[in-house]
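This is what each chain is made of:
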Amino acid sequence: MDSGRADNNWADGQTSPDVIYKVGIYGWRKRCLYLFILLLMVLIIINMSLTIWILRVMDFSLDGMGKLRIVPDGIRVEGDSEFINGIYASKIQSRHNSALYIESARNVTIHARDGSGDVTNRLFIGDKKVESYCNLFEVKNNDGEKLFSVDNSKTVINTDELRIAGEGGSIFSGSVQTPKVRAEAASSLRVESPTRDVKVHAPRGVEIKSTLGDITVNTRGKVNIQSKDNAIHLDSKNIALKNLKVSTPVGSGTQYPGVYQLCVCDNNGRLFLAAPNANCYATADVCS
């Protein structure tokens, strides 16, 4: 009996046996299948080996990858990090007792956006310049006290003392409001307006004092000292008025209205006017 075919040469009355078929892959097909399975196993082993090698080299773990660690409040990077494009974060800080360095080959730009995504503040650090674009710029100390602030209308300095150490001093195009202006020790203080006036105003009083040197007021025009509500005090051992015009009348001269002689009280130094042709007699209310 040939394989795969039934034999019909059996005697009458005898039962034919079951037909037998061979099932499987034989010959070159079987060899190709084994070769394909072997190649697949080799690829799987190589893939697993490369995966394990990458995991070991990149230091993958449940906490992160390499120097990049995933912590409950964010991501922690140990060592130096380089970002190819922009970085977006709500907070960037260094580790405890470590400095934070931000370095760029060209410039560093920091943007702050509002809820709509529009840029509201920008800090630009470029080549030899630092620029800040904002509506209000403030500098505070560790206690939260404001030391310096700038907006579109004014500049406020809240320190106890502002020191200008330049040899050329400081130039102000507008007014300056301060309770005190003084020079360094062993240095002179000079307030000057080359082409305009110098005005000093105070709601209560103006005091000009020099403990060791002189006080000099030079002007091409007039020097006006005015006190609307009280008095003007000149406290010195010697008060000299130089280069005054001297009147030299011929004979008895001519009397003009509005001309008086200047007198001074001996007890308090108060100045008052008297008639031009009389002695300096003062009433009780003048020198009291």
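Nothing here was measured: the structure is a model prediction, and the numbers come from that model.

Calculation notes
Residues numbered from 1 in each chain as written. Predicted model: local features only at pLDDT ≥ 70, side-chain atom pairs only at ≥ 80, totals over all residues. Heavy atoms only, no water. Salt bridge = Lys/Arg side-chain N within 4 Å of Asp/Glu carboxyl O. Buried < 20%, exposed > 50% of the residue type's maximum accessible area, 1.4 Å probe, protein only. Pairing = 2+ DSSP bridges. Helix = DSSP H or I, 4+ residues; strand = E, 2+ residues; numbered from the N terminus. Disulfide = S-S within 2.5 Å. Phe/Tyr/Trp six-rings, centres within 6.5 Å; stacked < 30°, edge-to-face > 60°. Lys NZ or Arg CZ within 6 Å of the ring centre and 35° of its normal.

*Asks:* Which residues make up the pattern of salt bridges, and what values do they have?
*Replies:* Evaluated as defined, the whole model comprises 4 salt bridges. Residue Asp151 pairs with Lys154 through a salt bridge whose shortest N-O separation is 3.4 Å. Between Glu192 and Arg190 there is a salt bridge, and its shortest N-O distance comes to 3.4 Å. Neither Glu192 nor Arg190 differs from the other in exposure class; each is exposed.

*Asks:* Break down the pairing of strand β9 (residues 146–150) for me, with residues and values.
*Replies:* With 4 bridges connecting them, strand β8 (residues 137–140) and β9 associate as antiparallel partners. Counted as the bridge partner of Glu138 is Ser149 from β9. Counted between consecutive antiparallel strands, the loop separating β8 from β9 contains 5 residues, among which Gly144 sits at a positive phi close to 85 degrees. Strand direction decides the pairing type here: β9 and strand β10 (residues 155–157), joined by 3 bridges, are antiparallel. Bridging from a neighbouring strand, Phe148 pairs with Ile157 of β10.

*Asks:* Quick rundown of the state of the cysteines? Include the residues and the values.
*Replies:* Within this structure, the stated rule accounts for 1 disulfide. Here Cys263 pairs with Cys280 through a disulfide, and the sulfurs are 1.8 Å apart. Measuring the twist about the S-S bond at about -65 degrees, one finds the Cys263-Cys280 disulfide to be left-handed. Residue Cys263 is found in strand β11 (residues 261–264), and its partner Cys280 is found in the loop between β12 (271–274) and α2 (284–287); the two are separated by 17 residues along the sequence. Relative accessible area serves as the criterion here: at 4%, Cys263 is assigned to the buried category. The class of Cys280 is partly exposed, set by a relative accessible area of 41%.

*Asks:* An account of the sheet that holds strand β1 (residues 60–61) is requested, with residue identities and associated values reported.
*Replies:* Strand order in the open sheet formed by 4 strands is β1-β2-β3-β4, with antiparallel pairing between adjacent strands. Single-partner strands in this sheet number two, and they are β1 and β4 (74–77). Where strand β2 (residues 64–65) lies against strand β3 (residues 68–71), 2 bridges are found, and the strand directions are antiparallel. Paired with Met65 across the strands is Leu68, a residue of β3.

*Asks:* So what about the packing of aromatic side chains? Which residues, and what values?
*Replies:* Inspection of the entire model under this criterion finds 0 aromatic pairs. The ring centre of Tyr133 lies 4.2 Å from the NZ or CZ of Arg122, which sits over that ring.

*Asks:* Describe unusual backbone geometry, and please don't skip the residues or the numbers.
*Replies:* Even without a glycine there, the phi angle at Lys128 is positive, about 60 degrees. Following the sequence through the fold, Lys128 ends up in the loop between β6 (119–126) and β7 (129–133). Overall, the relative accessible area of 82% leaves Lys128 in the exposed class.

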